[in-house]
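Descriptive structure summary
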Amino acid sequence: MTPPDESLSSLRKEYARAFLDVRDVDPDPFVQFRRWFTDAQNAGLPEPNAMTLATATKEGRPSARAVLLKSIDETGFTFFTNFKSRKAREIAENPAAALLFFWAELERQVRIEGNIECVSDAESDQYFRSRPRESQIGAWASKQSETLPDRSTLEHAVARLTQQYAGRDIPRPPHWGGYRLLPSRFEFWQGRPSRLHDRIQYLQHSSSWHINRLSP
Ligand SMILES: Cc1cc2nc3c(=O)[nH]c(=O)nc-3n(C[C@H](O)[C@H](O)[C@H](O)COP(=O)(O)O)c2cc1C
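For the structure given in this document, a descriptive report is provided here. Every chain's residues receive numbers from 1 upward, in the order its sequence appears when written. Totals for whole chains, interfaces and linings use all residues, but because this is a predicted model, local features are given only for residues with pLDDT of at least 70 and pairs of side-chain atoms are given and counted only at 80 or more.

Looking now at the overall build of the protein. Only DSSP runs of H or I reaching four residues or more are called helices, and only runs of E reaching two or more are called strands; each is numbered from the N terminus. A count of helices and strands for the protein gives six helices and nine strands. Here the C-alpha coordinates of the protein stretch approximately 60 × 50 × 40 Å along the principal axes. Nonlocal contacts in the protein, meaning residues at least 24 apart in sequence, comprise 63% of its contacts between residues at least 6 apart. Contact between two residues is assigned whenever their backbone-derived C-beta positions fall within 7 Å.

Structure representation (structure tokens):
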């Protein structure tokens with residue numbers, strides 16, 4: 001077996017910016033998330049709403065990728081994508097999924113788990129209308145997650161669609177729209193010195209949230 005790369009194995013960082021206790025967090029995990037999300041925005045992070053989305057096949061084979069959080073309401077976390085993509089195929093056969101935010105500069109991680117459902121057509125339409133025209137064309141042009149022979153095939157599709165829709169509104173493609181993850185578990189992680197991190201977990205029990213501390 002190859003020995004671990006010296007430069008990698010010696011990479012480590014001490015976390016000492018802040019702490020987190022059961023007494024400090026809001027009883028409502030959505031309120032707690034908004035508080036931390038506001039901190040991430042105020043810290044000037046380049047894409048605080050970038051999150052890792054993990055899905056799995058019905059056999060439990062996982063896959064993960066980044067997507068952008070586009071809204072939060074009292075029920076869940078919404079993102080938009082292609083309904084024929086790999087993630088969408090996995091969500092169709094297994095709605096259980098997880099989200100991960102890692103805000104390195106704040107030494108914070110948030111994990112969110114639950115089931116995913118589609119948002120309404122009206123909600124997808126509303127968000128699609130707000131996107132830049134080039135992104136709207138892109139949603140029509142991309143057969144997300146399918147193999148593409150070369151980049152020019154995509155660029156030709158974009159040119160053709162740009163011409164087709166010249167001077168008129170671009171409708172939302174039927175294969176594009178939103179999903180919402182409805183959380184049943186949250187975990188707020190604050191890095192602490194010597195790997196003795198703070199982890200506060202929220203578990204949903206019927207309509208209330210049970211809060212406890214997890215060992216690092
Ligand atoms: C920061 C970042 C944000 C992204 N946001 C989205 C998004 O909101 N929706 C999306 O479909 N893909 C987004 N992507 C691309 C996905 O990571 C991924 O390549 C794509 O959705 C195909 O994934 P799949 O084949 O697993 O379905 C983003 C990538 C990055 C790096």
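Past the structure itself, the notes keep going.
Multiplying 1.5 Å by the helix residue count minus one yields the expected span of that helix. The end-to-end C-alpha distance of helix α6 (residues 151-164), which contains 14 residues, comes to 20 Å, matching closely the 20 Å that a straight helix rising 1.5 Å per residue would cover. Residues are called buried when their C-beta atom has 20 or more other C-beta atoms within 10 Å, exposed when it has 12 or fewer, and partly exposed otherwise; all C-beta atoms are positioned from the backbone. Of all 14 residues in α6, zero are buried; the element is thus mostly exposed.

What follows concerns the site of the ligand. Surveying the vicinity of the ligand reveals 16 residues, the closest of which are Arg65, Thr81, Ser85, Arg86 and Ser145. With five residues, strand β2 (residues 62-68) is the single largest residue contributor to the shell around the ligand. Split into classes, the residues belonging to the shell around the ligand amount to six nonpolar, six polar and four charged. In this text, near has one meaning. A residue is near a molecule or strand if its C-beta atom, placed using the backbone, is within 6 Å of it. Think of it as three bins: nonpolar holds Ala, Val, Leu, Ile, Met, Phe, Trp, Tyr, Cys and Pro, charged holds Asp, Glu, Lys and Arg, and polar takes everything else, Gly as well.

Turning to the pairing of strand β6 (residues 108-118), a few remarks are in order. In this sheet, β6 lies alongside strand β5 (residues 96-103) in antiparallel orientation, the contact comprising eight bridges. When the bridges of β6 are listed, Trp103 appears paired with Arg108. Counting the residues between successive antiparallel strands, the hairpin from β5 to β6 contains four residues, one of them, Glu107, with a positive phi of roughly 55°. Strands are labelled as partners when DSSP assigns at least two bridges between them. Here β6 pairs with strand β7 (residues 176-190) via 11 bridges, running antiparallel. Residue pairing in the sheet places Gly114 in a bridge with Pro183 of β7.

Phi at Ser145 takes a positive value of approximately 80°, unusual for a residue other than glycine. With respect to the element layout, Ser145 can be found in the loop between α5 (133-141) and α6. Accessibility expressed as a C-beta count within 10 Å gives 14 for Ser145, which makes it partly exposed. Look at Ser194: it is not a glycine, yet its phi comes out positive at around 60°. Looking at the secondary structure, you find Ser194 in the loop between β7 and β8 (198-205). Owing to 9 C-beta atoms within 10 Å, Ser194 belongs among the exposed residues under this scheme.

Structurally, Lys58 is set in the loop between β1 (50-56) and β2. Measuring from C-alpha to C-alpha, the distance between Lys58 and Ala92 comes to 9.1 Å, with 34 residues separating the pair along the chain. Setting aside residues no more than four positions away along its own chain, Lys58 makes contact with Glu93 and Asn94.

Attention now goes to the packing of α5 against α6. A fitted line through C-alpha atoms serves as each axis, taken over the contacting stretch for helices, and the angle formed by two N-to-C directions is quoted from 0 to 180°. Put simply, α5 and α6 touch, their axes get as near as 9 Å, and they point 120° apart. Put simply, α5 runs oblique to α6. Handedness of the α5/α6 crossing: right-handed. In this structure, α5 contributes Ile137, Trp140 and Ala141 to the contact, and α6 contributes Leu154, Ala157, Val158, Leu161 and Thr162. Its residues assigned to classes, the contact of α5 with α6 shows seven nonpolar, one polar and no charged. Should an angle fall under 35 degrees it is taken as roughly parallel, and over 145 as roughly antiparallel, whereas 65 to 115 is taken as roughly perpendicular and any remaining angle as oblique. Handedness of each helix crossing follows the sense of rotation of the near helix against the far helix: counterclockwise by less than a right angle gives left-handed, clockwise gives right-handed.

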